[in-house]
Every structure is written in C-alpha cells, then in structure tokens.
Amino acid sequence: MHHPTHSTTPASHPSRPSSPSHSFSPDDLVEQLRAAGCVFAEDEARLLCETASGPAQMREMTARRVAGHPLEHVLGWAQFAGLRIAVDPGVFVPRRRTEFLVRRAAASAPAEGNLVLVDLCCGTGAVGAALLAALGGRGELHAADLDPAAVRCARRNLADNGGHVHEGDLFEALPDRLRGRIDVLTANVPYVPTADIPLLPSEAREHEPRPALDGGPDGLALLRRVAAEAAGWLAPGGILLTETSSHQAEPAAGILSAAGFAVTVTTDPELWATTLTARNP
C-alpha cells in the first residue's frame, strides 16, 4: 500500500477532454483550491468540473476538498497505470509511485502460460488490476485485505476481469488451494514507521485507515510476516514484490534474504520508488 505521497499530480491526470455538463466559474474554483493549499489547483479544478454532475455536487465536492479530503476520495476515483480505479472514502489511495511495482512485476513474471497472481494488502485492488492488464489478462487474480471497506472497493474494481477478492489477514485470507501455486505475489505492505505517522500529510492521517499506513516500529513489521510465510505459497521460481522507502531497502532486503529468497532492489528516481523483487528457489 503504503506511502504518504498521493497519486494525483498533473502527470497522473486522465487525458480525456474536458466535458463539464454544467456551467461553473473555473477561475473562482481555482482560487478556492489555491487558498486551501492545493498545489495543482488548476488541474484539480479541471478534474472536479469533469466529474461533478451539476452545481450542487460541485459545491459539495469543492467543500470536501477545501476541508482537506484527498482529491481521489472526493472524485471517487484515481488514475493508476492507465486505469481509472474507484476509490471509496476511507480506503487507502493508490500512489503513482506504486506503478513502478506493477511494471517490475510484469517484467519479472513468466513469459508464457496462465499465471496465478496474488495481491496482498490490496486496498482498492489497483495493483492487481494493473498487473493483470499489463499481462494481457493472462492470469487468475486473487486479492486480499483486512479492511472490509477496501474489500468492497476492490471487488468493484476487479469485477470486470474476474478477480477474486478475499477479506482477512495476509495469507489467512487466501484459499488453501493456492499454496505452492502463486507465480507472482505483490504485497505492498504498509511501511511507515509508527513514530512517523504524525508527520504524514493530514490527508493521509485523517482520511486513510491507520493499518494501511503503519508498518510498526521500524516500518518493516508486516514485511517480516509476509517473508515468513511467502515461500510456502509461491510456486517454484515464483516471485514476491514489495515496495519500501529508499532508506529501508537494505534492511528489507536482509529480511527477504534471511527467508531464503534471492533479492533484487530496483529504483525509479522519477517516481521516488523503490521495489524489492524476491525469487523463490
């Protein structure tokens, strides 16, 4: 899941033309958003105008955004890896940096065959949906999350591609028949150290679920749990991918190596993204 930086920047906005169904003063809207501290006020105003069904909804959406709600919660969606992902209030917002995790997973997946794909800590289901799309639909997708609101949201996002969404704690949520069969396991676990939670932007602290952010004392508590069980669920040669911060990459790689995995650390400086790929023997 899990980093405080939100995904909706100009680079991640949809490219479809603006077609608002009502008249509204864009200049006034931009000024309201700018006064509220929105850095990309012009882009946000355009997205609000495109999404609102009329003046009443526009006023309601603008008020929520000015009050500090994440833009994606206000819009009801986020742009992620070329897909429009539904994002319900109170559910973790997929970050643009996590697109790098999807790219690494697609590049590392077996080149042929129908794959078994699993996305733990799935949130909205964005990673699983994007990975399956990147693989041309070549996979049986399972996603899991502990949060019932996230599970409901993920089921909406994965309904069209036949994805299965399970509610529960990490591997406990998965059908037992998947043991030893998973080809690609993405686990974008929370990795913000508990002491750093108060330093996060208010959008994350106040409007996203704490369990989707808090990675324990050093930010690696959930990764340790995943690493301890992953080998028994992965197929021979299967891969586990996770995201972390740059300064956590070395200890995170150590955790995976100690669990018996061959680990590769890759970064995308443009997205400020760090991904670990761990291959099962």
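Here the structure is shown first, and the text comes after it.
Residues numbered from 1 in each chain as written. Predicted model: local features only at pLDDT ≥ 70, side-chain atom pairs only at ≥ 80, totals over all residues. Heavy atoms only, no water.

Caption draft 1: Structural context of unusual backbone geometry. Of note, the phi angle at Cys-121 is positive, near 55°, even though the residue is not glycine. Position of Cys-121 among the secondary structure elements: in the loop between strand E3 (115-120) and helix H6 (126-134). Positive phi values are uncommon outside glycine, yet Trp-272 reaches one of about 55°. Looking at the secondary structure, you find Trp-272 in the loop between strand E8 (262-268) and strand E9 (273-279). (Helix = DSSP H or I, 4+ residues; strand = E, 2+ residues; numbered from the N terminus.)

Caption draft 2: The arrangement of helix H9 (residues 221-233) in detail. Taking 1.5 Å of rise per residue, 13 residues should cover 18 Å, and H9 covers 19 Å from first to last C-alpha, within 8% of that figure. At Ala-227, H9 shows its largest bend, some 30°. Those residues of H9 that fall on the buried side of the exposure criterion are Leu-222, Leu-223, Val-226, Ala-227, Ala-230 and Trp-233. (Expected span 1.5 Å × (residues − 1). Bend = angle between axes of the 7 residues up to and from the residue. Buried < 20%, exposed > 50% of the residue type's maximum accessible area, 1.4 Å probe, protein only.)

Caption draft 3: Inspection of the sheet that holds strand E5 (residues 164-167) at higher detail. Reading across from one edge, E5-E4-E3-E6-E7-E9-E8 is the order of the seven strands in this open sheet, with mixed pairing throughout. A single partner strand is all that each edge strand has here, and the edge strands are E5 and E8. Strand-to-strand twist across the sheet, computed as the mean angle between neighbouring axes with direction ignored, equals 20°. Of the pairings in the sheet, the one linking strand E4 (residues 139-145) to E5 comprises four bridges and is parallel in character. The residue bridging Ala-144 from the neighbouring strand is His-166, located in E5. With respect to the sheet, H9 is in contact with strand E6 (182-187) and strand E7 (234-244), its orientation differing from that of E7 by roughly 165°. (Pairing = 2+ DSSP bridges. Axes fitted to C-alpha atoms, helices over the stretch in contact; angles between N-to-C directions. Contact = heavy atoms within 4.5 Å.)

Caption draft 4: Main features of the pairing of E7. Summarising burial for E7: nine of the 11 residues are buried, a large majority. In the sheet, E6 pairs with E7 via four bridges, with the strands oriented parallel. Paired with Val-184 across the two strands is Ile-239, which belongs to E7.

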